[in-house]
Structure formats: structure tokens, C-alpha cells
Amino acid sequence: MNKRINVILSCLAIIGMIACGGNGDRKKESNSSTTANQPAASAEAAMLDFKSDGSKGVGPVSVVERKPFDAQLANKGLELFVSKCAMCHDFERTLVGPSLDGVVKRRTPEWIMNMMLDPATMLEKDADAIALSKGFSSPMISLGLQQEEGRAILEYLRERNSAAK
């Protein structure tokens, strides 16, 4: 039964992305073109585009290393976002969950990672997550993400949010 529900939900996510003009046709970029040829100042600025102060949340992630933007990781994050997140989250509007427009400016990368990796603990113990959840009828469910997958989605969020500058 769960497998059937997952198949149905995946199909709905794909239909939703097509209907909403998702990023399915986004061009893939190589990591070497984004950081290797950039001046040091640009690479340094790319490391600072996360919110650096504030709550880190509650969960398995206490530190996210600030690194230059990684386009290959962001491409993997896009694929994961489409398959695991896009049914509930968008950038232009609120769906089942909040809009993710500007999320890397509002929340620390540690908070975002902890929310993706262990939403149950965050919704039980983190004051910001508890307050945010009060505006939505359904709590965020566990996506079963590994830490590397969460980091890839975070890199996609970073790219998507910096593109709106």
C-alpha cells in the first residue's frame, strides 16, 4: 500500500512541476565553471550567502561548512527537490508547506539541514519550527534523507535563492 501511495505521490509531483512551469529543463552546469575561474572575492562572497547567525535547530547537524558554490551538487539537489520536496514547497507561493523563497537568508544552513533530516525532532523541540508549523495544517514528514542528500538540496536552495537577487 505504501509503495502504491509513493508512486501516486511521485506522479502528482511530476504533474505539478509540469503544470507550474518547474525547472525540468534547467541546464546542468559543471562545478569547474563556477568556482575555478572566479576571482577570490567572488568565491568568498559565494561562501557568505547563507545566514550565519541564529538558531541551528535541533538534530544531527551542528555545523555546515561554508564552501564555494558547487553546481554539480546543486544539480543533484534539484533532482532530489523535485522528487521529495516540490509537492509541498515552492519558491513563488505557499503550498502545503511554506514558500522557500529567501529561506537561506532567513534560516541558518544547520537549521535547514536539521529540518530536512529530522523534522519530527525539530517540530517537537525547536521553537522556530514549532512556531512556523502553527501556520500549516500538516506537519513536515520525514523524507528519509541521508545527510549528503540534504546537503545537495541545501546547495540547490542556495542557488535558487541567490538567483533571485
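Anyway, here's the lowdown on the structure attached to this text. (Residues numbered from 1 in each chain as written. Predicted model: local features only at pLDDT ≥ 70, side-chain atom pairs only at ≥ 80, totals over all residues. Heavy atoms only, no water.)

On to the environment of glycine 77. Relative to the helices and strands, glycine 77 is located in helix α4 (residues 71-84). Taking relative accessible area as the criterion, glycine 77 reaches 0% and is therefore assigned buried. Separated by 72 residues in sequence, glycine 77 and glutamate 149 have C-alpha atoms that sit 7.0 Å apart. (Helix = DSSP H or I, 4+ residues; strand = E, 2+ residues; numbered from the N terminus. Buried < 20%, exposed > 50% of the residue type's maximum accessible area, 1.4 Å probe, protein only.)

Summed over all chains, the structure comprises six salt bridges. We note a salt bridge from glutamate 92 to arginine 160, for which the minimum N-O separation is 2.8 Å. Within this pair, whereas glutamate 92 is found in the loop between α4 and α5 (103-106), its partner arginine 160 is found in helix α9 (residues 147-163), the two being separated by 68 residues in sequence. Ionic pairing is found between arginine 158 and glutamate 155, a salt bridge with its closest N-O pair at 3.1 Å. Of this pair, arginine 158 and glutamate 155 are both found in helix α9, three residues apart, which corresponds to roughly one turn of the helix. The exposure classification of arginine 158 matches that of glutamate 155, with both residues buried. Beyond isolated ion pairs, a larger network of salt bridges with shared partners links Arg151, Glu155 and Arg158. (Salt bridge = Lys/Arg side-chain N within 4 Å of Asp/Glu carboxyl O.)

Quick look at the packing of aromatic side chains now. Considering all chains together, one arrives at three aromatic pairs under this definition. Ring centres 5.5 Å apart and planes at 35 degrees place the aromatic pair phenylalanine 81 and phenylalanine 91 in the tilted group. Here phenylalanine 81, found in helix α4, pairs with phenylalanine 91, found in the loop between α4 and α5; they are ten residues apart in sequence, far enough to count as distant. Grouping residues by exposure puts phenylalanine 81 and phenylalanine 91 together as buried. An angle of 50 degrees between the planes, with centres 5.4 Å apart, marks the rings of phenylalanine 81 and tyrosine 156 as tilted. Highlighted residues: phenylalanine 81 in helix α4 and tyrosine 156 in helix α9, separated in sequence by 75 residues. We note that phenylalanine 81, like tyrosine 156, is buried. Pairwise contacts between aromatic rings join Phe81, Phe91 and Tyr156 into one cluster. Sitting above the plane of the tryptophan 111 ring, arginine 107 keeps its charged end 4.4 Å from the centroid. (Phe/Tyr/Trp six-rings, centres within 6.5 Å; stacked < 30°, edge-to-face > 60°. Lys NZ or Arg CZ within 6 Å of the ring centre and 35° of its normal.)

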